[in-house]
Each structure stands twice: as C-alpha cells, then as structure tokens.
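Take a look at the letters that make up each chain.
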Amino acid sequence: MSLLDPLNGEAFTAFGQHVIWSDMIGNTVGLAALALGWRRSIWTWPAQFLSGLILVAAYASAHLSGGVGKQLLVIGVALWGWRQWQRGRRQAQDGSIAVRFASWGERGLLLAGTALGTVAVGTLFTLIPQLSWNPWPDAYIFVGTLAAMVAQARGLVEFWFAWLLVDLVGVPLAFGSGLAFSGLVYVVYFALVVWGLRDWWLRSRRAAAAAEARAVLEGALS
C-alpha cells in the first residue's frame, strides 16, 4: 500500500463524478491561497506551497505528468515568492505589498517565455507519450502557472490575466481527467481572479497617481 493511497481515496460522488481527497483538499487550500493573494497577504505563499504538495498526489493519480510538474513548480516558486515578499522590496506605505502594471519589456518577456516554454514542454510530452495523455493543454497549464506565479511574486497586475488564461484550459482538462473538484474549483478561481484583478488594477492606479503627485510636488519645491 502506497502512502498516497489514503489521499487518493474517494471522498464522495456527485453527479456521476468521483471526488478524491487529495483533489478536494489541495484545491480548497489553493482557493484560500488565491484569496490571500488578492488581499496581498504573505500567507498566500505557504498556502500555495501546501496546496502544491497535496495536489502532486491528485495529478499523479490521474497520470497527468504536466499537472505533477506544475505542482512541483508551484512548490518551488512558492518558496521563492515567499522570500521575495518577505524582503519587502515592493512594500507600500501601509506595510502591504505594492502592486503595479508590468512594463512593456516585462510583458514581452512573460509572453515570449510562456510561448517558448509551452512549445518546449508540449514537444517533450508529445515525444514521450507516457508523460501526458493530453500533451499540449497539459504543457500550456504547466508553463502558464509558472508565468502567473512569477508575475505574482513581482507584484504585477498581469498575474491575474495569466490566471484567467490558465483557467480557460484548466477547467475542461480537469473535468476530462476525472478531477471533478479541480474543475469546480477552477470555476470559483475564475470569479476570484476577476475580483482580484479589479482590486489590484485600482490599487496600482492609485499608487501611480500618488507617485505622480509626489513628483510634481517635489518639482515645485525644488
């Protein structure tokens, strides 16, 4: 008996969908992590770390190597993002994490990195079919999640756009893979992402306006 067997046991069945414990618990923690990220709480990172650990078991049970790889990336990036936010390089005056829109150069790097990464990982999954039964959507989610977390760690509003794009593929793939709870949570993620995007967008605009006002004042006083 594997140590993962209890986690991958069936929790309940609803509407013909079998929900396993690791899928349900891991995604519930992940949902809390997203809500904490919306509030710019540093606790979003330990929550993402814990969610990643649990969901490794869920994706392994569905034989989705891309999903397993994605969660391993979540674990690693969560540790890095936690360190980034702790260092407080982008703290606002109220002690919370400052957020901003990415520069065009940063957007280009994120888009290029995501595109190239998806091609590379998708090609790998295609050449080695044992790694994934659905290589291109799996690769897209794998790389898109990494891009979203890197943007979040840097306090970029584009983090939310990245999650929206991941959700568009993640929902049907999760249901098709038998991870019904993941599919349901992705739908809830979508609503949280829209609200979080609005909050970070407005906050970044207020911060930019305040910085511009300070610059004008300093120019007038000098």
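Below: a short report on this structure. (Residues numbered from 1 in each chain as written. Predicted model: local features only at pLDDT ≥ 70, side-chain atom pairs only at ≥ 80, totals over all residues. Heavy atoms only, no water.)

**Re the overall build of the protein**
On a plain count of helices and strands, the protein comes out with seven helices and two strands. Ordered by position from the N terminus, the helices and strands of the protein form the series β-β-α-α-α-α-α-α-α. Counting every position in the protein, which comprises 222 residues, the buried fraction comes to 45%. Sequence-distant contacts, at least 24 apart, represent 67% of the contacts inside the protein between residues at least 6 apart. (Helix = DSSP H or I, 4+ residues; strand = E, 2+ residues; numbered from the N terminus. Buried < 20%, exposed > 50% of the residue type's maximum accessible area, 1.4 Å probe, protein only. Contact = heavy atoms within 4.5 Å.)

**Digging into the pattern of salt bridges**
Taken as a whole and judged by the stated rule, the model has three salt bridges. Two residues, Glu 158 and Arg 107, come together in a salt bridge whose shortest N-O distance is 2.8 Å. Residue Glu 158 is located in helix α6 (residues 158–176), and its partner Arg 107 is located in helix α4 (residues 104–127); the two are separated by 51 residues in the primary sequence. Given the relative accessible area of 22%, Arg 107 is considered partly exposed. (Salt bridge = Lys/Arg side-chain N within 4 Å of Asp/Glu carboxyl O.)

**Some words on the nonpolar core**
Grouped together as the largest cluster of nonpolar side chains are 37 residues, with contacts concentrated most on Leu 34, Phe 159, Trp 160, Trp 163, Tyr 186 and Trp 200. Among the secondary structure elements, those contributing two or more residues to this core are α2 (44–61), α3 (65–87), α5 (135–153), α6 and α7 (180–221). Tallying contributions element by element places α6 first for this core, with nine residues. If sequence neighbours within four positions are ignored, Trp 163 has contacts with Leu 34, Thr 145, Ala 148 and Val 193. Counting five residues, the second largest nonpolar core, distinct from the first, contains Phe 125, Ala 139, Phe 142 and Val 143. (Core = buried A, V, L, I, M, F, W, Y, C linked by side-chain atoms within 4.5 Å.)

**A word on a nonpolar patch on the surface**
On the surface, Leu 165, Leu 168, Phe 190, Val 194 and Trp 195 cluster together into a nonpolar patch covering about 510 Å² of accessible area. Listed by contribution, the elements that provide at least two residues to the nonpolar patch are α6 and α7. Among the elements that take part in the nonpolar patch, α7 stands out by supplying three residues, more than any other. Looking at the element boundaries, Leu 168 is found in helix α6. (Patch = residues over 30% accessible without salt bridge, like charges linked within 9 Å, V, L, I, M, F, W, Y side chains within 5 Å. Areas by Shrake-Rupley, 256 points an atom, 1.4 Å probe, with all protein chains shown as cover.)

**Quick notes on the side chain of Gln 48**
Summarising the element assignment, Gln 48 is placed in helix α2. Here Gln 152 takes part through its side chain, which lies 3.1 Å from a polar atom of the side chain of Gln 48. Apart from the residues lying within four places of it in its own chain, the contact partners of Gln 48 are Ala 33, Val 74, Ala 78, Met 149 and Gln 152. (Polar contact = N/O pair within 3.5 Å; in protein donor to acceptor, adjacent residues only side chain to side chain.)

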